[in-house]
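Working through the structure, step by step
Each chain, letter by letter, is given below.
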Amino acid sequence: QVQLVESGGGLVQPGGSLRLSCAASGSIFSIDAMAWYRQAPGKQRELAAGITSGGRTIYADSVEDRFTVSRDNANNTVYLQMDSLKPEDTAVYYCHVRVLTPPHTFVDYWGQGTQVTVSS
């Protein structure tokens, strides 16, 4: 079993910055992709940013050039640096991790979610 612990959410003014962290622990052989999803009130959960095991990144159009996703493979941690935040970035942010279990089974895990509120 794998546990994900998120941190870093909170209240910030428009134009401000926040950094989210998600640390994975437990029975981990290898982590494939890591990502951050978000869900605003009344909307579907959407991918905000993701990063592969090789370091390739993908971003939603709405966060491109403002958010930066990174990972620390030695510590099984993924980060999301969020700059120039806008009120429309307000959402619950969820960490997602895809873990490889030998010989070739992938299992998806989700964090508990952390609230990000952008408001003056």
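As shown above, the structure is provided for reference.
The following refers to the structure shown. (Residues numbered from 1 in each chain as written. Predicted model: local features only at pLDDT ≥ 70, side-chain atom pairs only at ≥ 80, totals over all residues. Heavy atoms only, no water.)

1. Digging into the overall build of the protein chain
Defined as follows: What counts as a helix is a DSSP run of H or I of at least four residues, what counts as a strand is a run of E of at least two, and both are numbered from the N terminus. In this treatment the radius of gyration is a C-alpha quantity, and the globule benchmark scales as 2.2 Å times the residue count to the 0.38 power.
Counting its secondary structure elements, the protein chain contains zero helices and eleven strands. Tracing the protein chain from N to C terminus, the helices and strands come up as β-β-β-β-β-β-β-β-β-β-β. Compactness check: the protein chain gives a C-alpha radius of gyration of 14 Å against a globular reference of 14 Å for 120 residues, within 12% of the reference. Dimensions of the protein chain, computed from C-alpha atoms along their principal axes, come out at roughly 50 × 25 × 25 Å.

2. Some words on the pattern of salt bridges
How we decide: Salt-bridge detection follows one rule: a side-chain nitrogen of Lys or Arg within 4 Å of a carboxyl oxygen of Asp or Glu.
The final tally for this structure, using the stated rule, is four salt bridges. As a salt-bridge pair, Asp-89 and Arg-38 come within 3.0 Å of each other at their nearest N and O atoms. Taken together, the residues span a long stretch of sequence, with Asp-89 in the loop between β8 (77-82) and β9 (91-101) and Arg-38 in strand β4 (residues 30-39) at a distance of 51 residues. Linking Asp-108 and Arg-98 is a salt bridge whose minimum nitrogen-to-oxygen distance equals 2.6 Å.

3. Concerning the nonpolar core
Basically, it comes down to this: We call a set of buried Ala, Val, Leu, Ile, Met, Phe, Trp, Tyr and Cys residues a nonpolar core when their side-chain atoms join them within 4.5 Å. Throughout, exposure labels follow a simple rule: accessible area from a 1.4 Å probe, protein chains only, divided by the maximum for the residue type, with under 20% read as buried, over 50% as exposed, and the rest as partly exposed.
With 30 residues, the main nonpolar core has Trp-36, Leu-80, Met-82 and Tyr-93 as its most contacted residues. Contributing elements (two or more residues each) for this core: β1 (2-7), β3 (18-26), β4, β5 (46-51), β7 (67-72), β8, β9 and β11 (114-118).

4. Brief notes about the packing of aromatic side chains
For any two aromatic rings, the description comes down to two numbers: the centre-to-centre distance and the angle of the planes. Rules: In this analysis, rings of Phe, Tyr and Trp, with Trp reduced to its six-membered ring, are considered paired at centre separations within 6.5 Å, and the interplanar angle assigns stacked below 30 degrees, edge-to-face beyond 60, and tilted for intermediate values. Note on geometry: a ring has a charge over it if NZ (lysine) or CZ (arginine) is within 6 Å of the ring centre and within 35 degrees of the ring normal.
If you walk through the whole model with that rule in mind, you get one aromatic pair. On the basis of an interplanar angle of 65° and a centroid distance of 5.0 Å, the ring pair of Tyr-37 and Trp-110 is categorised as edge-to-face. In this pair, Tyr-37 is assigned in strand β4 and Trp-110 in strand β10 (residues 105-110), connecting sequence segments 73 residues apart. Residue classification places Tyr-37 among the partly exposed residues on the basis of a relative accessible area of 23%. Taking relative accessible area as the criterion, Trp-110 reaches 39% and is therefore assigned partly exposed. Sitting above the plane of the Tyr-94 ring, Arg-45 keeps its charged end 3.7 Å from the centroid. Here Arg-45 stacks its cationic end above the ring of Trp-110, 4.8 Å away from the centre of that ring.

In short, the description is geometric, and any link to function would need to be established separately.
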